[in-house]
Amino acid sequence: MGEGTLDVYEYAVVRVVPRVERAEFLNAGVLLWCRAREHLEARTRLDPVRLRAFAPHVDAAAVARHVAALEGLCGGDPAAGAAAAEAPGARFRWLTAPRSTVVQTSPVHCGLTADPAAEVRRLLAALVPGEPGQG
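Treat the numbers as computed from the prediction; the structure is a model and nothing was measured.

Engineer: Explain the environment of Tyr9 here, please?
Structural biologist: Turning to its location among the elements, Tyr9 is positioned in strand 1 (residues 7–16). What makes Tyr9 buried here is its relative accessible area of 4%. On a C-alpha basis, the gap between Tyr9 and Cys34 in space is 4.3 Å, while along the polypeptide they are 25 residues apart. In this structure the side chain of Tyr9 is engaged in a polar contact, spanning 2.9 Å, whose partner is the side chain of Glu119.

Okay, here's the thing in structure tokens:
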């Protein structure tokens, strides 16, 4: 793993799906796992105004807490619960497993990167609406 070496990474987009039966969603973050560098990271950005416009019936504060909790879980924060103590790859697989809840992830995609931390920021900017530093 020298400087400039490209490693495979996997990522999934965090989605807010207020009514699962309608399959409509709002992108709210990105999860990235790079096994070669043991790098697991979540970056989230949920625009509460956009969420209220998209799904006025949803408890926006509760959804925002659940989305933000993904960052702690990926970072191994003990306050995030027992899953945060699992190996990073196991946490990524658990987080990206299909589920029928308000907070879900997209299918897993992959790419190549020399800098997983920069890649997760790039993906967030490209895939999640809003301004940097928001949410």
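Engineer: What am I meant to see in the side chain of Thr113 here?
Structural biologist: Mapped onto the elements, Thr113 comes out in strand 5 (residues 109–113). Its relative accessible area of 4% is what places Thr113 among the buried residues. Looking at Thr113, its side chain comes within polar contact range of the main-chain nitrogen of Asp115, at 3.0 Å. With sequence-adjacent residues up to four places away left out, Thr113 is seen in contact with Thr5, Leu6, Asp7, Tyr9, Arg37 and Glu119.

Engineer: Could you clarify how one ought to interpret the layout of surface pockets in this entry?
Structural biologist: To locate leftover empty space, one rolls a probe as large as a water molecule over the atoms. Roughly 240 Å³ of volume is contained in the largest pocket. Looking at the largest pocket, the residues that line it are His66, Ala69, Leu70, Leu73, Ala80, Trp94, Leu95, Arg99, Thr101, Val103, Gln104 and Thr105. Broken down by secondary-structure element, the contributors of at least two residues to the lining of the largest pocket are helix 2 (60–75), helix 3 (88–96) and strand 4 (103–105).

Engineer: Hey, could you run me through the packing of aromatic side chains in this one?
Structural biologist: Both the distance between ring centres and the angle between the ring planes are used here to describe each pair of aromatic rings. The full count for this structure, using the stated rule, is one aromatic pair. Arranged with centres 6.1 Å apart and planes meeting at 35 degrees, the rings of Tyr9 and Tyr11 form a pair that is tilted. No difference in accessibility class separates Tyr9 from Tyr11, as the two residues are buried. Looking at Arg15, its charged tip hangs above the ring of Phe25, at a distance of 3.9 Å from the centre.

Engineer: Please explain helix 4 (residues 116–127) as it appears in this structure.
Structural biologist: In an α-helix there are 3.6 residues to a turn, and that puts residues three or four apart on one side. Taking 1.5 Å per residue as the helical rise, helix 4 with its 12 residues ought to reach 16 Å, and the 16 Å between its terminal C-alpha atoms agrees with that figure. Looking only at helix 4, the buried set comprises Pro116, Glu119, Val120, Leu123 and Leu124. For helix 4, the arc enclosing every buried residue in end-on projection is 140 degrees, short of the 170-degree limit, so these residues lie on one face. Seen from the buried face of helix 4, the exposed residues on the opposite side, beyond 90 degrees, are Ala125 and Ala126. Looking at the buried positions of helix 4, the neighbouring elements they touch are strand 1, strand 2 (26–34), strand 3 (39–44) and strand 5.

Analysis parameters
Residues numbered from 1 in each chain as written. Predicted model: local features only at pLDDT ≥ 70, side-chain atom pairs only at ≥ 80, totals over all residues. Heavy atoms only, no water. Helix = DSSP H or I, 4+ residues; strand = E, 2+ residues; numbered from the N terminus. Buried < 20%, exposed > 50% of the residue type's maximum accessible area, 1.4 Å probe, protein only. Polar contact = N/O pair within 3.5 Å; in protein donor to acceptor, adjacent residues only side chain to side chain. Contact = heavy atoms within 4.5 Å. 1 Å grid on protein atoms, 1.4 Å probe; cavity = no way out; pocket = protein on both sides within 12 Å on 5 of 7 lines; lining within 4 Å. Points joined across faces, edges and corners; volume = space filled by probe spheres on them. Phe/Tyr/Trp six-rings, centres within 6.5 Å; stacked < 30°, edge-to-face > 60°. Lys NZ or Arg CZ within 6 Å of the ring centre and 35° of its normal. Expected span 1.5 Å × (residues − 1). Arc of directions from axis to C-beta.

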